[in-house]
Amino acid sequence: MMTPFEIRPATDADGNCVGRIIAAAFSEYEGCHYDRALEFPELDRLAAHFAALSGMCWVACIDSSVVGCAAVKPMERPLGPWVPAMELSKVYLDRQCRGRGIADRLVTTAVDFAAQNGAAGVELWTDTRFTAAHRFYARLGFVFTGWTRAIDDISDTVEFHFRRPCAFPGDSEPGGSV
């Protein structure tokens, strides 16, 4: 039997839990280093950070414990064909909770929010090392554009760019049936 979970808007107090989830995810990959103070200062005011950008962050909880997160914010200069667009970020899930549909719901919630707030599409950047994430995003309708970018960070990160429309032809509601 699958453990029930809930998706709720993040609060500023969720930053520590989200930080632990990100640190654990980074530890799964050689060369990925987590430094909260240097590279994730937004976790100190997680909800306020995304609200100030006209975006939103959500967390997934099991028995009131945060096990995952996802966020979106408007993009100033979308790279995809959909204008306006929002950028999906902070998609992380506790390793023990993967494969239960929790990340699907987090991303669908974010895509639905984007559509309800006028976005035609959603874009994201993800570390080239996160191969399982690439397969996950492809399953949810995101397409790798072929674009990459190097990030000047402590992990020497290179990222892949993915995008998808908020709704696919024939969808009956925003976010579709992903």
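Preceding this paragraph is the structure being described.
None of the values given here were measured: they were computed from a predicted structure.

A.B. asks: How should I be thinking about the overall build of the protein chain in this particular structure?
C.D. replies: Counting secondary structure elements, the protein chain contains five helices and seven strands. Starting at the N terminus, the α and β elements of the protein chain follow one another as β-α-α-α-β-β-β-α-β-α-β-β. The C-alpha atoms of the protein chain give 15 Å as radius of gyration, which agrees with the globular expectation for 178 residues (16 Å, within 12%). Seen through its C-alpha atoms, the protein chain measures out along the principal axes to roughly 40 × 40 × 35 Å. Residues classed as buried in the protein chain amount to 46% of the 178 residues present. Look at the contacts in the protein chain between residues 6 or more apart in sequence, and 64% of them connect residues 24 or more apart. Accessible surface, the protein chain: about 9000 Å² in total, of which carbon and sulfur atoms supply 52%. Considering the protein chain, the positive charge centre built from 17 side chains and the negative charge centre built from 23 side chains are found 3 Å apart.

A.B. asks: Sorry if this is basic, but what is going on with the side chain of Glu-123 here?
C.D. replies: For Glu-123, the location among the structural elements is in strand S5 (residues 121-127). Buried within the structure, Glu-123 lacks any salt-bridge partner; Arg-163 is the closest side chain of opposite charge, at an N-O distance of 5.9 Å. Setting aside chain neighbours within four positions, we find Glu-123 in contact with Met-75, Pro-78, Leu-79, Gly-80, Ala-85, Met-86, Glu-87, Leu-88, His-161, Phe-162 and Arg-163.

A.B. asks: How should I be thinking about the environment of Pro-78 in this particular structure?
C.D. replies: Considering the arrangement of structural elements, one finds Pro-78 in the loop between strand S3 (65-74) and strand S4 (85-93). Along the primary structure Pro-78 and Val-122 are separated by 44 residues, whereas in three dimensions their C-alpha atoms are 8.9 Å apart. For Pro-78, the contacting residues outside a window of four places in its chain are Val-83, Ala-85 and Glu-123.

A.B. asks: What am I meant to see in the sheet that holds strand S7 (residues 158-165) here?
C.D. replies: One key point about sheets: their strands pair by backbone hydrogen bonds, in either a parallel or an antiparallel sense. In space, the seven strands of this open sheet follow the order S1-S2-S3-S4-S5-S7-S6, with mixed pairing throughout. With one partner strand each, in any of the chains shown, strand S1 (6-9) and strand S6 (143-150) form the two edges of the open sheet. Along the sheet, successive strands turn relative to each other by an average axial angle of 25°, direction set aside. Of the pairings in the sheet, the one linking S3 to S4 comprises six bridges and is antiparallel in character.

A.B. asks: Where do I start with helix H4 (residues 102-116) in this structure?
C.D. replies: Residues three or four positions apart in an α-helix share a direction because the helix packs 3.6 residues into each turn. The end-to-end C-alpha separation of H4 is 21 Å, in line with the 21 Å expected for 15 residues at 1.5 Å each. Taking burial as the measure, the 15 residues of H4 include 11 buried ones, the bulk of the element. Within the span of H4, buried status applies to Ile-102, Ala-103, Asp-104, Leu-106, Val-107, Thr-108, Ala-110, Val-111, Asp-112, Phe-113 and Ala-114.

Cut-offs and rules
- Residues numbered from 1 in each chain as written.
- Predicted model: local features only at pLDDT ≥ 70, side-chain atom pairs only at ≥ 80, totals over all residues.
- Heavy atoms only, no water.
- Helix = DSSP H or I, 4+ residues; strand = E, 2+ residues; numbered from the N terminus.
- Rg over C-alpha atoms; globule rule 2.2 N^0.38 Å.
- Buried < 20%, exposed > 50% of the residue type's maximum accessible area, 1.4 Å probe, protein only.
- Contact = heavy atoms within 4.5 Å.
- Areas by Shrake-Rupley, 256 points an atom, 1.4 Å probe, with all protein chains shown as cover.
- Lys, Arg positive; Asp, Glu negative; His and termini not counted.
- Charge placed at Lys NZ, Arg CZ, Asp CG, Glu CD.
- Salt bridge = Lys/Arg side-chain N within 4 Å of Asp/Glu carboxyl O.
- Pairing = 2+ DSSP bridges.
- Axes fitted to C-alpha atoms, helices over the stretch in contact; angles between N-to-C directions.
- Expected span 1.5 Å × (residues − 1).

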